[in-house]
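Residue-level structure breakdown
If you want the building blocks of each chain, they are given just below.
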Amino acid sequence: MSCWKKLALLESLACTDHFTAIGSVLRLHRLDPDWQLPVRKQFDDHRKGNRFMTDATVRAKLLGLPGSLRSNSNSLAILRGLQDALPAGVSMDIRDLRLPLYDQDIDTPDAPAEVHSFRQAIADADGVVIVTPEYNYGMPGVLKNALDWASRPYGKSALIGKPVLVISNSPAFTGGVRAHQQVNDTLLALPAKLLAGPQVVVGSVGEKIKDGKLADEAVLKFALSAIDRLSAAK
Ligand SMILES: Cc1cc2nc3c(=O)[nH]c(=O)nc-3n(C[C@H](O)[C@H](O)[C@H](O)COP(=O)(O)O)c2cc1C
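In short, a report on the structure. Source: prediction; values computed, not measured. (Residues numbered from 1 in each chain as written. Predicted model: local features only at pLDDT ≥ 70, side-chain atom pairs only at ≥ 80, totals over all residues.)

1. A word on the environment of Leu 86
Applicable threshold: Each helix is a run of DSSP H or I of at least 4 residues and each strand a run of E of at least 2, with the numbering of both proceeding from the N terminus. Once C-beta atoms have been placed from the backbone, residue pairs whose C-beta atoms lie within 7 Å are recorded as contacts.
For Leu 86, the location among the structural elements is in the loop between helix H4 (74-85) and strand E2 (90-94). Discounting chain neighbours no more than four positions away, the residues touching Leu 86 are Ser 91, Met 92 and Ile 227.

See below:
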């Protein structure tokens, strides 16, 4: 039996009876040792509480955008922590916002390649996660610049109707809430599909990062519940 046929059989069994499926894995595995690797991965996913993954069970492909270019950025660390903790079926690419300054004179079909690839990355994502610090009571220029590029072409922006989750953070207890508000206003101008519900605002962020990643269980849990709503909003 081909590997794909075995996987299909396994998945149909998994839908009906988890224990039957495990028995089948073990039997098929004994019959065909070179089938071991793909089965083991599916098996490990299942033991970790994930469901058997096929294209049909991929729930959402997200794009993470940190509002800071700093290599040690807390905003980037939050995205990395979330990336590691995403539920089965949800994935997230992270890309920085290193783009030229917005200039309408170069916003033409011949715009710089990084502008095209940035817009394409948004178009390809089911949802966007923006994690921003606060600069001088507002959103960083880097993020505003990126949102201005993303907002065009007028009426055809890849962000129109796109589900977006905004997370702000700060070493201060205020958690960058003023930047959060500005990002929300800009997204509403497009309009993107701004995720409603409890706002994710991370204060005293320095204490919540370990080894370059968000490590605070309570914040992770709260942010992941917002990611769940984002994944469902596509
Ligand atoms: C130019 C500048 C302005 C800042 N203004 C604020 C501010 O208004 N409110 C605040 O909470 N933090 C402010 N900070 C502190 C940033 O929140 C802090 O440096 C944060 O770590 C930057 O984000 P990052 O770690 O993602 O790079 C400012 C930092 C800079 C560099």
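Alright, that's what it looks like, and here's the rest.
2. Re helix H6 (residues 141-150)
Formally: To sort residues by burial, count the other C-beta atoms lying within 10 Å of each one's C-beta; a count of 20 or more means buried, 12 or fewer means exposed, and anything in between means partly exposed. C-beta atoms are built from the backbone. The arc in question is the one spanned by the directions pointing from the helix axis to the C-beta atoms.
Of the positions making up H6, those classed as buried are Val 142, Leu 143, Ala 146, Leu 147, Trp 149 and Ala 150. Projected down its long axis, H6 shows its buried positions confined to an angular sector of 155°, all on one face. Elements that come into contact with the buried residues of H6 comprise strand E1 (60-66), helix H5 (113-124), strand E3 (127-132) and helix H7 (177-189).

3. Section: the nonpolar core
Stated precisely, the cut-off is as follows: Note on terminology: a nonpolar core is any set of buried Ala, Val, Leu, Ile, Met, Phe, Trp, Tyr and Cys residues joined through C-beta atoms within 7 Å.
Membership of the largest hydrophobic core comes to 47 residues, with the highest contact counts inside it found for Val 128, Val 129, Ala 146 and Ile 167. Considering each element in turn, this core owes the most residues, six residues, to H6. Residues in contact with Val 128, not counting those within four places in the same chain, are Leu 62, Leu 63, Leu 65, Ile 122, Lys 162 and Val 164.

4. Some thoughts on the site of the ligand
Let me state the cut-off plainly: Any residue whose C-beta atom, as set from the backbone, lies within 6 Å of a molecule or strand is reported as near that molecule or strand. Gly counts as polar in this scheme, as do all residues outside two lists: the nonpolar Ala, Val, Leu, Ile, Met, Phe, Trp, Tyr, Cys and Pro, and the charged Asp, Glu, Lys and Arg.
As a matter of local geometry, the ligand sits amid 15 residues, with Ser 68, Asn 74, Ser 75, Pro 133 and Ser 170 nearest to it. Looking at the shell around the ligand, its residues break down into five nonpolar, eight polar and two charged.

5. Some details on the environment of Leu 224
Inspection of the secondary structure puts Leu 224 in helix H8 (residues 217-232). When the C-alpha atoms of Leu 224 and Pro 87 are compared, they prove to be 8.4 Å apart, with 137 residues separating the residues in sequence.

Shape is all these values report; function is a separate question.
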